[in-house]
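What follows is each chain in one-letter form.
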Amino acid sequence: MMKRTAILFSFILVFLSAQSAGAFELGSEGQVTIHGFITQGYLLSSDNKFFGDTDNGGTYHFNERGINFTSDVSDRLRLGIQFFSRDFGSLGENEVTIDWAYADYSFTEWANFKAGKIKMPQGLYNTSRDVDMLRTSVLLPQSVYNEGWRDSINALNGFEYYGYAPAGKVGSFEYHILGGVNQFDDDGPEMRLLEDQFPIYQGVDVTNNEVDRTYVGSVLWETPLDGLSFGVSGWEMNFNADITSSPDEDVADILKLPASSVIEVTQTGWTTSLQYAVGDFVFSTEYNRINYEMDSPGFIPEDSTASDFDSEGYYGMVTYRFTDWFEVGTYYSEYYANRDDKDGDKAVAKWENALGGPGTEGGYPPGQEHRAYLKDLALSLRFDITENWIFKVEGHKMRGGAIMLNSDGNTATYPSSVLVGGQIEGPSYTKDWELYTAKVSYSF
């Protein structure tokens, strides 16, 4: 970690030294342009742990830092790289990574080719979600921009073909086609969310993930009506990982679980987007659905609802800029972990009717039906202090406990007739709660 940080700042010093003497020359063609941003925020929840210890006096583990270097090597070739770190509760931990790095070659306006680590164009905001200055809200709607799956849809290593095609009276079209592989950490939220699919008593650990392939496509239509745009984006990702279990000794003999297996996951998602900017108003709405196909011999029965299910999310958002320095935004968002069990009743029945005793086959304990969804009404205030400094405050009225992680401490013990002592651990979330955020950002 320290070594990576030292390398990053060495790069920064070299390039800043070059800039202080004039633009850094790359060959004889162009100059290196440097931009970056630094943010620091605060998260506080009335109940539940929102990806970290937010309910115990709040947390300052909430920041982003990025610096990027770009250069037009020639009229057709552009190079760029961004170093990035973030801390979001229990996620990120300020590990310095390469957020994107590419060589971009332009043939014509409608035909361009990019290679390297490339941002995935999912929805309206995925390619810009790291840059706080570009939006009104502190947190994007979690129904579409789930922080738990952020790394898996952030960027891929591979190739992109994209272009912009004017279409006369019909408007214009922007399109992207990408192929490659993406990467995410074994201790990141994606693997921890997978572990949450299994009963806690099993002690499931998912590691050594490897992405086989990722495909992405998107089209954005700028309609003839000024300010109105419509987009469709989609992706498919296939990966596998090792799964091991250290089950509770009291039930291991009953359920006959293997000590290890392999889990294979195919994630197929799509998003439709609509945005209308008129005057100082911006209206946005998006709908997202993701299908999960999971196979893990010995852990997930083939006919189980856990082997093939769809999540669903959507939101509506309005922002209005009152002055050059003050902007207000609000949105309402709904997310369902399984669109076939929106109220959580099926998951509770699974908990209660388990053959090995209550809770031994997963699901939600009685009274935890709201684990199945997350409904969020948010209000955001943005203050542009200067051209480079902004300050935001935001409040969320929440209902439900979806997307959050059991491993952050959102658990409790419940009665079970199988275990010695008569108790089993399971998810525990408060149904109605609030989340408050504040954030300062500087960009250059």
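Each chain carries its own residue numbering, running from 1 in the direction its sequence is written. Residue-level local features of this predicted model are given only where pLDDT is at least 70; pairs of side-chain atoms are given and counted only at 80 or more, and the full residue set underlies all totals for whole chains, interfaces and linings. Hydrogens and water molecules were not included; the side-chain quantities draw on all heavy atoms of the structure.

## As for the pattern of salt bridges
Part 1 of the reasoning: Here a salt bridge means any side-chain nitrogen of Lys or Arg lying within 4 Å of a carboxyl oxygen belonging to Asp or Glu. Considering all chains together, one arrives at 24 salt bridges under this definition.
Part 2 of the reasoning: In this structure, K49 engages D53 in a salt bridge whose closest nitrogen and oxygen atoms are separated by 3.0 Å.
Part 3 of the reasoning: Put simply, K114 and E160 hold a salt bridge, and the shortest N to O gap is 3.9 Å. Here K114, found in strand β6 (residues 111-119), pairs with E160, found in strand β7 (residues 155-166); they are 46 residues apart in sequence, far enough to count as distant. Under the scheme used here, helices are H or I runs from DSSP no shorter than 4 residues and strands are E runs no shorter than 2 residues, and both carry numbers assigned from the N terminus.

## Comments concerning empty space enclosed by the protein
Part 1 of the reasoning: Think of a 1 Å grid over the protein atoms and nothing else: a 1.4 Å probe that fits but is trapped marks a cavity, an open set flanked by protein within 12 Å on at least five of seven lines marks a pocket, and residues with an atom within 4 Å of a point count as lining. Grid points are joined across faces, edges and corners, and a volume is the space filled by probe spheres set on the points. Applying the stated criterion across every chain, the model contains two cavities of 30 Å³ or more.
Part 2 of the reasoning: There is about 120 Å³ of room inside the largest cavity.
Part 3 of the reasoning: Lining the largest cavity are 13 residues, and of these E64, R86, R129, R135 and E147 lie nearest its centre.
Part 4 of the reasoning: Mapped onto the lining of the largest cavity, the elements with two or more residues apiece are β3 (62-72) and β4 (77-88).
Part 5 of the reasoning: Lining the second largest cavity are 14 residues; nearest its centre among them are V144, N146, W149, N288 and I290.
Part 6 of the reasoning: When residues in the lining of the second largest cavity are grouped by element, the largest group, three residues, is from strand β12 (residues 281-295).

## Thoughts on helix α4 (residues 345-352)
Part 1 of the reasoning: Residues A347, V348 and W351 constitute the buried set of α4. One face of α4 carries all of its buried residues, which in axial projection span an arc of 100°.
Part 2 of the reasoning: Residue contacts follow a heavy-atom distance rule, with two residues in contact if any of their heavy atoms lie within 4.5 Å. Packing partners of the buried residues in α4 comprise β17 (411-415) and β18 (423-427). For every residue, the accessible area (1.4 Å probe, protein chains only) is compared with the maximum for its type, and the residue is labelled buried under 20%, exposed over 50%, or partly exposed between those bounds. Each C-beta atom gives one direction from the helix axis, and the arc is the one those directions make.

## Points about the confidence of the model for the protein chain
Part 1 of the reasoning: Of all residues in the protein chain, 88% attain a pLDDT of 70 or more, and the chain-wide mean is 88.
Part 2 of the reasoning: Think of pLDDT as the predictor's per-residue confidence, scored from 0 to 100. Across residues 1-28, where pLDDT falls below 50, the model places 33 contacts with residues more than four positions away in sequence or in other chains.

## What about the side chain of D310?
Part 1 of the reasoning: Along the polypeptide, D310 turns up in strand β13 (residues 308-323).
Part 2 of the reasoning: Buried charge D310 goes without a salt bridge, the closest partner of opposite sign being R289 at 4.1 Å.
Part 3 of the reasoning: If we ignore the near neighbours within four places in the chain, the residues touching D310 are R289, I290, N291, A337, N338 and R339. The convention is simple: Lys and Arg are positive, Asp and Glu are negative, and His and the chain ends are not counted.

## As for the packing of aromatic side chains
Part 1 of the reasoning: Two aromatic rings, drawn from Phe, Tyr or Trp (for Trp, its six-membered ring), form a pair once their centres lie within 6.5 Å of each other, and the interplanar angle then sorts them: stacked below 30 degrees, edge-to-face above 60, tilted otherwise. Evaluation of the coordinates by the stated rule reveals 30 aromatic pairs.
Part 2 of the reasoning: Between F51 and F88 the ring centres are 6.0 Å apart and the planes differ by 65°, which places this aromatic pair in the edge-to-face class. With F51 in the loop between β2 (30-45) and β3 and F88 in strand β4, this residue pair connects regions lying 37 residues apart in the sequence.
Part 3 of the reasoning: By relative accessible area, which is 3% here, F88 ends up buried.
Part 4 of the reasoning: Both rings, one in F281 and one in Y320, keep their centres 4.4 Å apart while their planes meet at 45°; by these two values the pair is tilted. Note that F281 is positioned in strand β12 and Y320 in strand β13, a separation of 39 residues in sequence.
Part 5 of the reasoning: A relative accessible area of 36% means that F281 is categorised as partly exposed.
Part 6 of the reasoning: Classification of Y320 as partly exposed rests on a relative accessible area of 25%.
Part 7 of the reasoning: Charge-over-ring placement is defined geometrically: NZ (Lys) or CZ (Arg) within 6 Å of the ring centre, and within 35 degrees of the ring normal. It is K342 that lies over the ring of Y336; its NZ or CZ is 5.0 Å from the centre.
Part 8 of the reasoning: Just above the ring of Y373 sits the side chain of K375; from NZ or CZ to the centre is 4.9 Å.

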